[in-house]
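Reading the structure
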Amino acid sequence: MELVKNVVCPFCGTLCDDIICKVENNEIVGTMNACIIGHSKFVHTEGAERFTKPLVRKNGEFVEVTMDEAIDKAAHILADSKRPLMYGWSCTDCDAQAVGVKLAEEAKACIDNTASVCHGPSVLGLQDVGYPICTFGEVKNRADVVVYWGCNPMHAHPRHLSRNVFARGFFRERGRPDRTLIVVDPRKTDSSKLADIHLQLDFDHDYELLDAIRTVLLGNDILYDEVAGVPKELIYETVEVLKNAQFGILFFGMGITHSRGKHRNIDTAICLTTDLNRNAKFNLIPMRGHYNVTGFNQVCTWEVGYPYCVDFATGTPRYNPGESGSNDLLQSKETDGMLVIASDPGGNFPQKALERMAEIPIVAIEPHRTPTTEMSDVIIPPAIVGMQAEGTAYRMEGVPIRMRKVVDTDLLTDREILERILEKVKEINASK
Ligand code: SF4
């Protein structure tokens, strides 16, 4: 058995780069250091169906076809659609994403990633009021106050706490005892059980609580006995902790991007962080979900100037979340052809979007059987980045890390598949 060291985990935005893979006969048979989620991505789950050949739906049944035939069919779906949508991107590497942007331009498509159902509201918030961010290293070495607002890292980013809170840092030699941990969540979660202060607010009232904290921070009084279900004494106590921080960090997640207020919650959280810098040093980091959701927004921004929901219909990139997001286009029934890559909207989108997906032709570049592949007309299985292919990914706070290839495969990479579809779409467009 061979041990491959310094492997990067292709699962969550924590992007752990200290994984050891146990390899036998060109198969990953075990891991060291990975959490349970990362481990199960590396090790083939027993019974999970892995596609090895391209499939095309003919008379309602999937039949195996050559790669050329699958590419041809995929290119025609994009080129023949009036309002194609290219969605996903967060579980592949930056090189594939860059080809995707070129393909979207050629096909006059809308290109969008999982941010539009995840931290898209955070992007809107930071475009309004700024982005006071730092890296994990600064948190580990300096942070004495750590806030997790609307996120449950014990379940969603399992090694985040051990790397950022329990870890011993240069100025925080004792690790966890040197830090005050605050968790803001309506539920008693496994993360809140570890907290020094748990603000158990009423669901959907984050904006009010953020506003109350800013009110006290700016020297004003709270006029009510409680705000968002949190007693005002606890709010005053929390503000004292926050403003006395030597270095504070606010991690935030779906609890505030998905609840009432959405991007306005983030807007206020960013303003709170800015306000805190009058007394303390404070930063924030969004708990980005997939391992390379950040990478797509980076690539898309440097290629065309906008991070997601980019519409190439007129040939010039336009950006209008609310109109050019995947759910907007599906639910308004504008989209008439869709390419899905490295994502599973069939499993994650709301019913109304799925109803539209069921009506239109879909291409899935996807290694496993998923609800999306069940709805697809073409399935092209790629090599999996981080295990069978290398590439660049961006950690949640924007640190780029090179993903490693651990085992070999005959399958094409996402980038190669997209390049071939791009060539074909160019041919079709030239012949029109
Ligand atoms: S915390 Fe995230 S990146 Fe780290 S091993 Fe677990 S799933 Fe992978």
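Residues numbered from 1 in each chain as written. Predicted model: local features only at pLDDT ≥ 70, side-chain atom pairs only at ≥ 80, totals over all residues. Heavy atoms only, no water.

**Some thoughts on the sheet that holds strand β18 (residues 362-365)**
Remark on secondary structure: sheet strands pair via backbone hydrogen bonds, oriented parallel or antiparallel. Note the following rule: Note: two strands are recorded as paired if DSSP finds a minimum of 2 bridges between them. In this text, helices come from DSSP runs of H or I with a minimum length of four residues, and strands from runs of E with a minimum of two, each type numbered from the N-terminal end. Residue contacts are defined here by distance: any two heavy atoms, one from each residue, within 4.5 Å place the two residues in contact. All axes here are fitted lines through C-alpha atoms, helices being fitted over the stretch that makes contact, and every angle between N-to-C directions spans 0 to 180 degrees.
Spatially, nine strands are ordered β5-β4-β19-β18-β17-β6-β7-β15-β16 in an open sheet, and the strand pairing comes out mixed. Taken across any chain shown, the strands that pair with only one partner, and hence form the sheet edges, are β5 (61-64) and β16 (318-319). Against the sheet, helix α3 (residues 94-107) contacts β6 (84-88) and β7 (110-113), and its axis sits at roughly 165 degrees relative to β6.

**Observations concerning the sheet that holds strand β10 (residues 197-199)**
Strand order across the open sheet formed by five strands is β10-β9-β8-β13-β14, with parallel pairing between neighbours. Edge strands, defined here as strands with exactly one partner in the open sheet, are β10 and β14 (282-286). Strand-to-strand twist in this sheet, taken as the mean axis angle between neighbours without regard to direction, amounts to 15 degrees. Relative to β14, strand β13 (residues 248-252) is paired through five bridges, and the arrangement is parallel. Bridge pairing in β14 places Leu 250 opposite Leu 284.

**A few points about the packing of α3 against helix α17 (residues 414-430)**
Keep this limit in mind: Roughly parallel means an angle under 35 degrees; roughly antiparallel means over 145; roughly perpendicular covers 65 to 115; every other angle is labelled oblique. Each crossing is labelled by how the near helix is turned from the far one, with a counterclockwise turn of less than a right angle marking it left-handed and a clockwise turn marking it right-handed.
Axis separation between α3 and α17 bottoms out at 9 Å; the angle between their running directions is 15 degrees. On the basis of the axis angle, α3 is roughly parallel to α17. Considering how the two elements wind past one another, α3 and α17 form a crossing that is left-handed. Where α3 approaches α17, its residues Asp 95, Ala 96, Val 99, Gly 100, Lys 102, Leu 103, Glu 106 and Ala 107 are matched on the opposing element by Asp 414, Arg 415, Leu 418, Glu 419, Ile 421, Leu 422, Val 425, Lys 426 and Asn 429.

**Details of the nonpolar core**
Inclusion rule: In this description, a nonpolar core means a group of buried Ala, Val, Leu, Ile, Met, Phe, Trp, Tyr and Cys residues linked to one another through side-chain atoms lying within 4.5 Å. Whether a residue is buried, partly exposed or exposed follows from its accessible area with a 1.4 Å probe, protein chains only, as a fraction of its type maximum: under 20%, in between, or over 50%, in that order.
By size, the foremost hydrophobic cluster in this structure holds 38 residues, and its most contacted members are Met 86, Ile 111, Leu 339, Ile 380 and Ile 421. Elements with a minimum of two residues in this core: α2 (67-80), α3, α12 (293-304), β17 (337-341), β18, β19 (378-380) and α17. Residues Leu 217, Val 230, Ala 245 and Leu 284 belong to the second largest nonpolar core, which totals 33 residues.

**Comments concerning the pattern of salt bridges**
Selection rule: A pairing counts as a salt bridge when a side-chain nitrogen of Lys or Arg comes within 4 Å of a carboxyl oxygen of Asp or Glu.
The final tally for this structure, using the stated rule, is 25 salt bridges. The salt bridge partner of Arg 264 is Asp 267, with a shortest N-O separation of 2.6 Å. Placement of both Arg 264 and Asp 267 in helix α11 (residues 263-276) is noted, with a separation of three residues, approximately one turn of the helix. Residue Asp 267 is classed as buried on the basis of its relative accessible area, which comes to 11%.

**Section: the side chain of Gln 388**
What counts is decided by this rule: Pairing of N or O atoms within 3.5 Å defines a polar contact, subject to two protein rules: one partner must be a possible hydrogen donor and the other a possible acceptor, and residues neighboring in sequence count only if both atoms are side-chain atoms.
Mapped onto the elements of the fold, Gln 388 is located in the loop between β19 and β20 (391-394). A distance of 3.1 Å separates polar atoms of two side chains, one belonging to Gln 388 and the other to Arg 50. With residues near it in sequence (within four places) discarded, Gln 388 still touches Arg 50, Pro 382, Ala 383, Lys 405, Val 407 and Thr 409.

**Some remarks on the UniProt feature "domain: Molybdopterin oxidoreductase" (unreviewed entry) in the protein chain**
The condition is simple: UniProt positions are given in the numbering used here, feature names are shortened, and annotations may be inferred rather than shown by experiment.
Here, the residues flagged by UniProt with the feature "domain: Molybdopterin oxidoreductase" (unreviewed entry) are residues 50-409. Helix and strand shares over residues 50-409 are 36% and 19% respectively, and the end C-alpha atoms of the span are 13 Å apart.

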